Each structure stands twice: as C-alpha cells, then as structure tokens.
Amino acid sequence: MSQAFTLWFTGLSGSGKSTLSERVAAELRRRGQKVEVLDGDEVRANLSKGLSFTKEDRDTNVKRIGYVCHLLTRNGVWAVSAAISPYRAARDFNRQMIGDFIEIFVECSIEKLSERDVKGLYKKALAGEVKNFTGVSDPYEPPQNPEISVNSEKESVEQSLGKIIGYLESKNYIPRAGMTVKS
C-alpha cells in the first residue's frame, strides 16, 4: 500500500471539488499517506499566472498541474488535483503521463450552482456579462468513464467522501479505517 496515486477532481466551478479534495487529503494523511493538494485557483495564481481562459491556455494550465502531479506521484506522494479541467483530451493526456490516475467527477447542475454562487458569477455568465465561463458560454466535457462519480447536488459531503474513500479501500490503495500503517 505504499504506492501513490493522483486523484483528479473535475467538475464545474462551485461543484465542491476543493471542499472534497481537502477532506480526502485530510483522511489520506490520517491514514499515514503523504499528500499534496493542487487547487486550480491557487495553481492559476502561482504556477500559471498570465494565462487566459482560451482553450489553449486552459489546456496548458491543466497539463502543468498534471506534470506536477506526475512528479509527486512517481515520488510516493499522493497528488490531489481540484481543477475544473474542462476538456477531456487534456485530462486524458494527464492520465497517460501519470499512469496512477484516478478521475473523480463532481457533478452538479447549473441551476444548483447558480443558487450556491455567492459571487454571482453564474448569474453574470447566464446574462452574457462574463465570457468564456465554463459550462455556460464555454464547454465542459464531462468524463466518460471516471473511476468515481459523486453528485454534490444529491449527496452530502460526507456521503461523497465515503464513496471516494470506499473506492480507495476496495482497491487496497489505502489501508482500511482502523488499520495501522507500518513505516
């Protein structure tokens, strides 16, 4: 169980990727794993500063995150990425490069995301005031065969967390709850 993986959370803005990725990372750490979280907003501000929201720049951002995940994973650190990553081809590119890759689709409807949106970005995007907004005026290509799917509209954070941890346990990627980890 010393093998590390990249957990790639994908979904629309506000779907719960960051919340879930932080909860999963905390649980992995509790079970003795080394973990780094790469949040899309933080990466864009630090590693991908200056990139726009064109398809090419979004792909560049996603591939940069993927490369960092690749380095972490091959060195025994669980990489947890929480980035919209709207285009399937860029996610598939990362899957091929990383190898030990688990895609987690965080699904939620535009209607629910609009209700949750404290910044009013969905309202502005739906009114045409914000251009290139993923899921509204720019495409989002949902995964066709993610290893794990959760629905933040229908499931609580705890339920989604349970699905993700349950999957990792069922594949023996992490020790089951209550097991001790040997160093």
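Note: the structure precedes this text.
To keep things clear, this report deals only with the structure shown in the data block. (Residues numbered from 1 in each chain as written. Predicted model: local features only at pLDDT ≥ 70, side-chain atom pairs only at ≥ 80, totals over all residues. Heavy atoms only, no water.)

## Describing the packing of aromatic side chains
For clarity, the cut-off: Stacked, tilted and edge-to-face pairs are distinguished by plane angle, under 30 degrees for stacked and over 60 for edge-to-face with tilted covering the rest, among Phe, Tyr and Trp rings (Trp via its six-membered ring) whose centres lie within 6.5 Å. A run of DSSP states H or I qualifies as a helix once it reaches four residues; a run of E qualifies as a strand once it reaches two. Both are numbered from the N-terminal end. To sort residues, take the accessible area from a 1.4 Å probe on protein chains only and compare it with the maximum for the residue type: under 20% means buried, over 50% means exposed, and anything in between is partly exposed. Only when the NZ of Lys or the CZ of Arg is both within 6 Å of the ring centre and within 35 degrees of the ring normal is a charge said to sit over the ring.
Following the criterion strictly, the structure yields 6 aromatic pairs and no others. Arranged with centres 4.8 Å apart and planes meeting at 80°, the rings of Tyr 122 and Phe 133 form a pair that is edge-to-face. Here Phe 133 lies in the loop between α6 (121-126) and β5 (148-151) and Tyr 122 lies in helix α6, a separation of 11 residues in the sequence. Per residue, the accessibility class of Tyr 122 equals that of Phe 133, and both read buried. Taken together through their ring pairs, the aromatic side chains of Phe 5, Trp 78, Tyr 167 and Tyr 173 make up a single cluster. Lying across the ring of Tyr 87, Lys 55 places its NZ or CZ 4.4 Å from the centre.

## Some points on the packing of helix α1 (residues 17-30) against helix α7 (residues 157-170)
Defined as follows: In this analysis an axis means a line fitted to C-alpha atoms, helices contributing only their contacting stretch, and an angle means the value between N-to-C directions, from 0 to 180 degrees. Roughly parallel refers to an angle under 35 degrees, roughly antiparallel to one over 145, roughly perpendicular to one between 65 and 115, and oblique to any angle outside these ranges. Definitions for this section: a left-handed crossing has its near helix turned counterclockwise from the far helix by less than a right angle. A right-handed crossing has that turn clockwise. Residue contacts are defined here by distance: any two heavy atoms, one from each residue, within 4.5 Å place the two residues in contact. Only Asp, Glu, Lys and Arg are considered charged in this grouping, and only Ala, Val, Leu, Ile, Met, Phe, Trp, Tyr, Cys and Pro are considered nonpolar; every other residue, Gly among them, is considered polar.
Running from N to C, α1 and α7 cross one another at 50°; their axes reach a closest spacing of 10 Å. By the angle between their axes, α1 is oblique relative to α7. Pair α1 / α7 crosses with right-handed handedness. Of the residues in α7, those touching α1 at Thr 19, Leu 20, Arg 23, Val 24, Glu 27 and Leu 28 are Val 157, Glu 158, Ser 160, Leu 161, Ile 164, Ile 165 and Leu 168. Looking at the contact of α1 with α7, its residues break down into 8 nonpolar, 2 polar and 3 charged.

## Focus on the pattern of salt bridges
In plain terms, the rule: Salt bridges are defined by distance alone: a side-chain nitrogen of Lys or Arg within 4 Å of a carboxyl oxygen of Asp or Glu.
Scanning all chains against the criterion turns up 12 salt bridges. A salt bridge links Arg 23 to Glu 158; the nearest nitrogen and oxygen atoms lie 2.1 Å apart. On the criterion of sequence distance, the pair formed by Arg 23 in helix α1 and Glu 158 in helix α7 is long-range, its members being 135 residues apart. Accessibility expressed as a relative area gives 32% for Arg 23, which makes it partly exposed. Residue Glu 158 is classed as partly exposed on the basis of its relative accessible area of 47%. Arg 95 is the salt-bridge partner of Glu 103, the closest N and O atoms lying 3.4 Å from each other. Each member of the salt-bridge network shares a partner with another, and the members are Glu 27, Arg 30, Arg 31, Glu 169 and Arg 176.

## Some details on the packing of helix α3 (residues 55-74) against helix α4 (residues 88-98)
Axes are the key here: two packed helices are described by the angle between their axes and the distance separating the axes. At a minimum axis distance of 9 Å, the contact between α3 and α4 shows a crossing angle of 20°. Classified by the angle their axes make, α3 and α4 are roughly parallel. Note on packing geometry: the crossing formed by α3 with α4 is right-handed. Side by side, α3 and α4 meet where Asp 59, Val 62, Lys 63, Gly 66, Tyr 67, Cys 69, His 70 and Thr 73 of the first sit next to Ala 90, Phe 93, Asn 94, Met 97 and Ile 98 of the second. A breakdown of the residues in the contact of α3 with α4 according to their chemical character gives 7 nonpolar, 4 polar and 2 charged.

## Some words on the sheet that holds strand β3 (residues 78-82)
Pairing between the strands of a sheet comes from backbone hydrogen bonds, and it takes one of two forms, parallel or antiparallel. The cut-off we apply is this: Between any two strands, pairing holds if DSSP finds at least two bridges.
With parallel pairing, 5 strands are arranged side by side in an open sheet as β2-β3-β1-β4-β5. Edge strands, defined here as strands with exactly one partner in the open sheet, are β2 (35-39) and β5. Each adjacent strand pair in this sheet contributes to an overall mean axis angle of 15°, direction not counted. Across 5 bridges, β2 lies against β3 in parallel orientation. Directly across from Val 35, in β3, lies its bridge partner Trp 78. Packed on one face of the sheet, α4 meets β1 (6-10) and β4 (101-107) and runs near 150° to β4.

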